[in-house]
Amino acid sequence: MINFDNAATSKLDEAVKEKYISYLNMDLLNPSSPHLGGYNVFKMLAEARFDTLKLLNLENTHQLIFTSGATEANNLAIQGVVLKYRNRGKHLITTSIEHPSVLNVFRHLEKDLGFEVSYLSPNEEGIITLEELKKHVKKETFFVSIMAINNETGAINPIEEMATFLKNFPTIFFHVDIAQAIGHLNLDYSHVDLLSFSAHKIHGLKGSGALIYRKNTTFSPLFYGGEQEASFRSGTEDVEKDLLLPLTIENVFHSFSKEHNRIKEMHDALYDGLVKLDRYIKLNSSKDGSSFIINFSLKKLRASVLVEALSNRGIYVSTSSACSAKKSKMSYVIYAMFKDTFRAENSIRLSLGYDNKVEDIDIFLNTLKELLERLSL
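Residues numbered from 1 in each chain as written. Predicted model: local features only at pLDDT ≥ 70, side-chain atom pairs only at ≥ 80, totals over all residues. Heavy atoms only, no water.

> Would you mind showing me how to read the nonpolar core here?
The nonpolar side chains of a soluble globular protein tend to be buried, and buried together. Residues Leu133, Phe174, Leu274 and Phe364 are the most contacted members of the largest nonpolar core, which totals 90 residues. The element contributing the most residues to this core is helix α8 (residues 245-275), with nine residues. Judged by nonpolar contacts, the second largest core, of 23 residues, contains Ile78, Phe106, Leu109 and Phe143. (Core = buried A, V, L, I, M, F, W, Y, C linked by side-chain atoms within 4.5 Å. Buried < 20%, exposed > 50% of the residue type's maximum accessible area, 1.4 Å probe, protein only. Helix = DSSP H or I, 4+ residues; strand = E, 2+ residues; numbered from the N terminus.)

Laid out in structure tokens, this is it:
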């Protein structure tokens, strides 16, 4: 089996798995309980928060809320801040190529609550440029959300430049979805106000993630209860998963420092091999994008036919974001880039992981060439 769908979810790290089992065997108590057993778990969570922030060099400027993943973190970041600070204005900015857990929140705020939303457009490399952002910021703007790396194309947005620019507007909050960037790209997040990510994208556990936010930021909670997580995210903590977040990040950072050159070489070999198949496909990703994601579209074939044929050979790829693939036949990301319906309906994403090997590239390219030639007859 060759898995080129790592952007949907990644293989669980063995060390994380072993530590998780050890935590489960400890019968950790409720951190909100008033006794010593509960207080000890509360301290363990506090240490995990600090260690996670320290790994991202944010321990002095930001705080952390444990969540069930990036979807919840995105919702809390956007709705929580926009509703809390709505007296600052009515104008919000995001992009037309965000993950559904971001886009759908803005659509709700726009259609149901009367906010004005500007949806920034990508260029043909899938990048949201700083110039595009500058064109849409105005006096009433008070919230901007732009992902670091696009989950379908691997396009890298100039987050650090954008953060520097937005510092000129002290009333604007800047939120960044880093689900595809953490452990895959070195970025300075110190000037970003809100960051969200999931553990399962970086070889951690499903149902785990975090929202990191600048100190002194407050939220309108999504739900109310026992006032856990500084009253911003009520509900008994999933202690074992929360405690594993720093280990998950530490391990993926280690993999990045050790394996990134190898991943880059595999990415480039895969990209160059796809270029040679230009009779059958169009590349949607730039070679300068993320080393972990390549997107292409079929010129004549239906993507579903090729995905099934590859799957039957034990090679797993995807057609778009796993969160929207079963609902829509068209990639809104690819459509936003090229305004080509067939191209958007028949795009395929390849996403590498640290478990992939060089021989996977050769097997895939040979199999792909064979299938394209046969299915195109």
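> Got a minute to help me understand the sheet that holds strand β9 (residues 281-283) in this structure?
Think of a sheet as strands paired side by side through backbone hydrogen bonds, with each pair either parallel or antiparallel. Taken together, the three strands give an open sheet; going across it, the order is β9-β10-β12, and neighbouring strands pair in antiparallel fashion. Because the sheet does not close on itself, it has two edges, and the strands there are β9 and β12 (347-351). Neighbour-to-neighbour, the strand axes of this sheet turn through a mean angle of 30 degrees, independent of strand direction. Pairing between β9 and strand β10 (residues 293-298): three bridges, direction antiparallel. Bridge pairing links lysine 282 to serine 297 in β10. In the packing of helix α9 (residues 303-312) onto the sheet, contacts are made with β10 and β12, and the angle to β12 comes to roughly 35 degrees. (Pairing = 2+ DSSP bridges. Axes fitted to C-alpha atoms, helices over the stretch in contact; angles between N-to-C directions. Contact = heavy atoms within 4.5 Å.)

> Would you mind showing me how to read the packing of helix α1 (residues 14-25) against α8 here?
In helix packing, the relevant descriptors are the interaxial angle and the interaxial distance, both defined with respect to the helix axes. The interhelical angle for the contact between α1 and α8, taken along N-to-C directions, is 165 degrees, at an axis separation of 10 Å. With respect to α8, the element α1 is oriented roughly antiparallel. Handedness of the α1/α8 crossing: right-handed. Contact residues: Ala15, Val16 and Lys19 in α1; Leu247, Thr248 and Asn251 in α8. (Parallel < 35°, antiparallel > 145°, perpendicular 65-115°, else oblique. Left-handed = near helix turned anticlockwise from the far one by under 90°.)

> Looking at this structure, how should I read the sheet that holds strand β3 (residues 91-95)?
The strand order β2-β8-β7-β6-β5-β3-β4 describes an open sheet built from seven strands, whose pairing is mixed. Among the strands making up the open sheet, the edge pair consists of β2 (62-67) and β4 (116-120). With direction set aside, neighbouring strand axes in the sheet form an average angle of 15 degrees. By the bridge criterion, five bridges tie β3 to β4 in an arrangement that is parallel.

> Mind showing me how you'd approach the environment of alanine 269 here?
Looking at the secondary structure, you find alanine 269 in helix α8. With 93 residues separating them along the chain, alanine 269 and aspartate 362 place their C-alpha atoms 8.8 Å apart. With sequence-adjacent residues up to four places away left out, alanine 269 is seen in contact with Ile361 and Leu365.

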